[in-house]
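Architecture at a glance
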Amino acid sequence: FRISKDDFELDRELGAGQYGTVWAVRHLPSGGTPMALKVVKLSVTDAAIKQILTELDILIRARSPFIVRFFGAFYSEASVYYCMELMDGG
């Protein structure tokens, strides 16, 4: 998928943590594909940024039916956004 901030319709918040929030969204250009959109604010420590980059690296390289699919990431307004398969099983 090609992704940008304007491509999404927010559905609901799935959770929030120390570094950011995860939303259930619909990717409008693909016909409304449901995805999880993780929004991480970059006003965090160097250690947190390193952890974020490590997580992105793992998601980019991982290919397993037991790991959520990674669709892409982008930077906007001092936040990193990354899109993953929505695992909506509760």
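Residues numbered from 1 in each chain as written. Predicted model: local features only at pLDDT ≥ 70, side-chain atom pairs only at ≥ 80, totals over all residues. Heavy atoms only, no water.

What follows deals with the pattern of salt bridges. Tallied over the entire structure, the rule returns 3 salt bridges. Between Asp-11 and Arg-12 there is a salt bridge; the shortest N-O distance is 2.9 Å. Since its relative accessible area comes to 42%, Asp-11 is described here as partly exposed. Residue classification places Arg-12 among the partly exposed positions, given a relative accessible area of 33%. (Salt bridge = Lys/Arg side-chain N within 4 Å of Asp/Glu carboxyl O. Buried < 20%, exposed > 50% of the residue type's maximum accessible area, 1.4 Å probe, protein only.)

Before going further, it helps to spend a moment on the environment of Val-25. With respect to the helices and strands, the residue Val-25 is situated in strand S2 (residues 20-27). What makes Val-25 buried here is its relative accessible area of 2%. The spatial distance from the C-alpha of Val-25 to the C-alpha of Lys-38 is 10.0 Å, given a sequence separation of 13 residues. With residues up to four places along the chain from it excluded, the contact list for Val-25 reads Phe-8, Glu-9, Leu-10, Asp-11, Thr-33, Pro-34, Met-35 and Leu-37. (Helix = DSSP H or I, 4+ residues; strand = E, 2+ residues; numbered from the N terminus. Contact = heavy atoms within 4.5 Å.)

As defined by bridge partners, strand S1 (residues 8-16) adjoins S2 across 7 bridges and the pair is classed as antiparallel. Bridge pairing links Leu-10 to Val-25 in S2. Here S1 folds back onto S2, and the loop between the two strands holds 3 residues. (Pairing = 2+ DSSP bridges.)

Turning next to the packing of aromatic side chains. Evaluation of the coordinates by the stated rule reveals 2 aromatic pairs. The interplanar angle of 10° and the centroid separation of 6.4 Å between the aromatic rings of Phe-8 and Phe-74 together place this pair among those described as stacked. In this pair, Phe-8 is assigned in strand S1 and Phe-74 in strand S4 (residues 70-76), connecting sequence segments 66 residues apart. Overall, the relative accessible area of 12% leaves Phe-8 in the buried class. With centroids separated by 4.9 Å and ring planes inclined at 5°, the aromatic side chains of Phe-74 and Tyr-81 adopt a geometry described as stacked. Ring-pair connections join several aromatic residues into one group, and the members of that group are Phe-8, Phe-74 and Tyr-81. (Phe/Tyr/Trp six-rings, centres within 6.5 Å; stacked < 30°, edge-to-face > 60°.)

Core analysis: the biggest nonpolar cluster contains 10 residues, these being Ile-3, Phe-8, Val-25, Met-35, Leu-37, Val-39, Phe-71, Phe-74, Tyr-81 and Cys-83. In terms of residue count, strand S3 (residues 33-41) provides more of this core than any other element does, 3 residues in total. Not counting residues up to four positions away in its chain, the partners in contact with Tyr-81 are Lys-5, Leu-37, Lys-38, Val-39, Gly-72, Ala-73, Phe-74 and Ser-76. The next biggest cluster of nonpolar side chains, apart from the first, holds 8 residues, and it includes Leu-56, Leu-59, Phe-70 and Tyr-82. (Core = buried A, V, L, I, M, F, W, Y, C linked by side-chain atoms within 4.5 Å.)

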